[in-house]
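The lines below spell out each chain.
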Amino acid sequence: MTTVLIVDDSAVCQRVAGACVQAAGCDVRYAADGCEALESVNTEKPDIVLTDLQMPKMDGLELVERLRDVYPQLPVILMTGFGSEEVAARALRAGASSYVPKENLSKGLSEALRTVMSVVHAIQEREKVLAFLEESQSRFVLGYEPGGTQALVGYLHEQLKLLNYFDESTLVQLTTALSESITNAIDHGNLELDSDLREEDDGSYRDLGEERIQQPPYCDRRVTVMATLTQSEVKFVIRDEGPGFDPSSLPDPTDPENLLKASGRGIMLIRTFLDEVTFSEKGNEVTLIKRRDSIDGDAES
């Protein structure tokens, strides 16, 4: 059953809102202000928070902001009274999911709850699917299709987001590293473009790439991306069909002298954002690993 935490300093308003919530088939908990609400959420997280705006100690706007920082996926519905329109608008911009005028609570609340509950149920279903997951593997083969790398990275980002696998900032870092790795496999692996050309900044790097896309043996080469998802980690294996290189020859991305070079940016991001990066002996295959337990550990530290 969906649990709704009602936050209001008025016992009368609590009872009225509680009756509406129970009529919608939800379980109800109560808090008298924002501080008490945060304690309740930390103890036993509800599915939805329904809060008044004007309260002592911590008002509804501050509660929305605090919840957004700690529980970004927890939906908050505002109960607004006359004169609180400006604060309600600020709260919506701060992350509240919806609002209901107090004067129309019985009708408006059931409608708002129905909308928000559909989102909550979708999130719960995704979490259930993730709990079922043992291992998922996908294999992709890319040529030189315009926008191909962006399309694949965007797809993998959405799949991980759909499962609530990582938070959004971690997902952005992970897919940035993946994009850099695929680009390296295409440019340096299959097209054999020299990184030093990037430092020239005269277009020669990209011009040579466009030429080689049309020329054998470069035009026939492909990049294979293997994605493996388990409960504990996501692993990407990116393999090109070029001659390879000596991985020990890679510049140290943490060396200040290499930090600002265009040729060192990709490997710096890859090694910074991931838990494990390993190259094959031939150098034409790289394995990227991001573990989920490292996220939990970071959150606790």
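Position numbers for residues count from 1 along each chain, tracking the sequence in the order it is written. Local features in a predicted model are, by the rule used here, given only for residues with pLDDT of at least 70; side-chain atom pairs are given and counted only at 80 or more, and totals for whole chains, interfaces and linings are based on all residues. Side-chain numbers come from the whole structure's heavy atoms, not from hydrogens or water.

1. What to know about a negative patch on the surface
- Only residues whose relative accessible area exceeds 30% and that take part in no salt bridge are eligible for patches, with like-charged residues grouped when within 9 Å of each other and nonpolar side chains (Val, Leu, Ile, Met, Phe, Trp, Tyr) grouped when within 5 Å. All accessible areas in this document rest on Shrake-Rupley with a 1.4 Å probe, and a residue is counted as covered only by the protein chains that are shown. Any carboxyl oxygen of Asp or Glu that lies within 4 Å of a side-chain nitrogen of Lys or Arg is treated as forming a salt bridge with it. In this charge count, Lys and Arg are treated as positive and Asp and Glu as negative; neither His nor the chain ends contribute. Lysine's charge is taken at NZ, arginine's at CZ, aspartate's at CG and glutamate's at CD. Among the surface-exposed residues, Asp-202, Asp-207, Glu-210 and Glu-211 lie close enough to one another that they form a single negatively charged patch.
- Helix numbers and strand numbers start at the N terminus; a helix is a DSSP run of H or I with at least 4 residues, a strand a run of E with at least 2. Within the fold, Glu-210 resides in helix H8 (residues 204-213).
- The cut-offs for exposure are 20% and 50% of the maximum accessible area for each residue type, with area from a 1.4 Å probe on protein chains only; residues under the lower value are buried, those over the upper are exposed, and the others partly exposed. Since its relative accessible area comes to 44%, Glu-210 is described here as partly exposed.

2. A short note on the sheet that holds strand E2 (residues 27-31)
- Taken together, 5 strands build an open sheet; the order of strands is E2-E1-E3-E4-E5 and the sheet is parallel. Two strands in the sheet have a free side with no partner beyond their single neighbour: E2 and strand E5 (98-101). Each strand of the sheet is rotated relative to its neighbour by a mean of 20°, with strand direction disregarded.
- A pair of strands is labelled paired if DSSP reports no fewer than 2 bridges between them. The pairing of strand E1 (residues 3-7) with E2 spans 5 bridges and is parallel. Counterpart to Leu-5 in the pairing with E2 is Arg-29.
- Sitting on the sheet, helix H2 (residues 34-43) is in contact with E1, E2 and strand E3 (48-52), with an inclination near 160° to E1.
- In this description, contact between two residues means that some pair of their heavy atoms is separated by no more than 4.5 Å. Helix axes are fitted to C-alpha atoms over the stretch in contact, other axes to C-alpha atoms as well, and angles between N-to-C directions run from 0 to 180 degrees. Sitting on the sheet, helix H3 (residues 60-70) is in contact with E1, E3 and strand E4 (76-80), with an inclination near 155° to E3.

3. Re the pattern of salt bridges
- Following the criterion strictly, the structure yields 9 salt bridges and no others.
- Measuring nitrogen to oxygen at the nearest pair gives 3.7 Å for the salt bridge that ties Glu-62 to Arg-66. Of this pair, Glu-62 and Arg-66 both sit in helix H3, 4 residues apart, roughly one helical turn.
- For Arg-66, a relative accessible area of 39% gives the class partly exposed.
- Here Arg-206 makes a salt bridge to Asp-187, at a shortest N to O gap of 3.3 Å. Taken together, the positions of Arg-206 in helix H8 and Asp-187 in helix H7 (residues 168-190) put the pair 19 residues apart, joining distant regions of the chain.
- Residue Arg-206 is classed as partly exposed on the basis of its relative accessible area of 38%.
- By relative accessible area, which is 4% here, Asp-187 ends up buried.
- Here the residues in one salt-bridge network are Asp-8, Asp-52 and Lys-102, joined through shared partners.

4. Remarks on the UniProt feature "modified residue: 4-aspartylphosphate" (unreviewed entry) in the protein
- The UniProt entry lists Asp-52 under the feature "modified residue: 4-aspartylphosphate" (unreviewed entry), expressed in the numbering used here.
- Its place among the elements puts Asp-52 in strand E3.
- Residues contacting Asp-52, with those up to four places away along its chain left out, are Val-7, Asp-8, Asp-9, Gly-60, Met-79 and Lys-102. UniProt positions are given in the numbering used here, feature names are shortened, and annotations may be inferred rather than shown by experiment.

5. Here's the deal with the pairing of E1
- The buried fraction of E1 amounts to 5 of the 5 residues, a majority that puts the element mostly inside the structure.
- Side chains Thr-3, Leu-5 and Val-7 of E1 all project onto a buried face; the interleaved residues Val-4 and Ile-6 project onto the opposite face, where all are buried too.
- Crossover E1 to E2 through helix H1 (residues 11-23) is right-handed.
- Alignment of E1 against E3, held across 4 bridges, turns out to be parallel. Note that in E3 the partner of Val-4 across the bridge is Ile-48. The crossover handedness rule: strands pointing away from the viewer, path from first strand over the helix to second strand clockwise, crossover right-handed.

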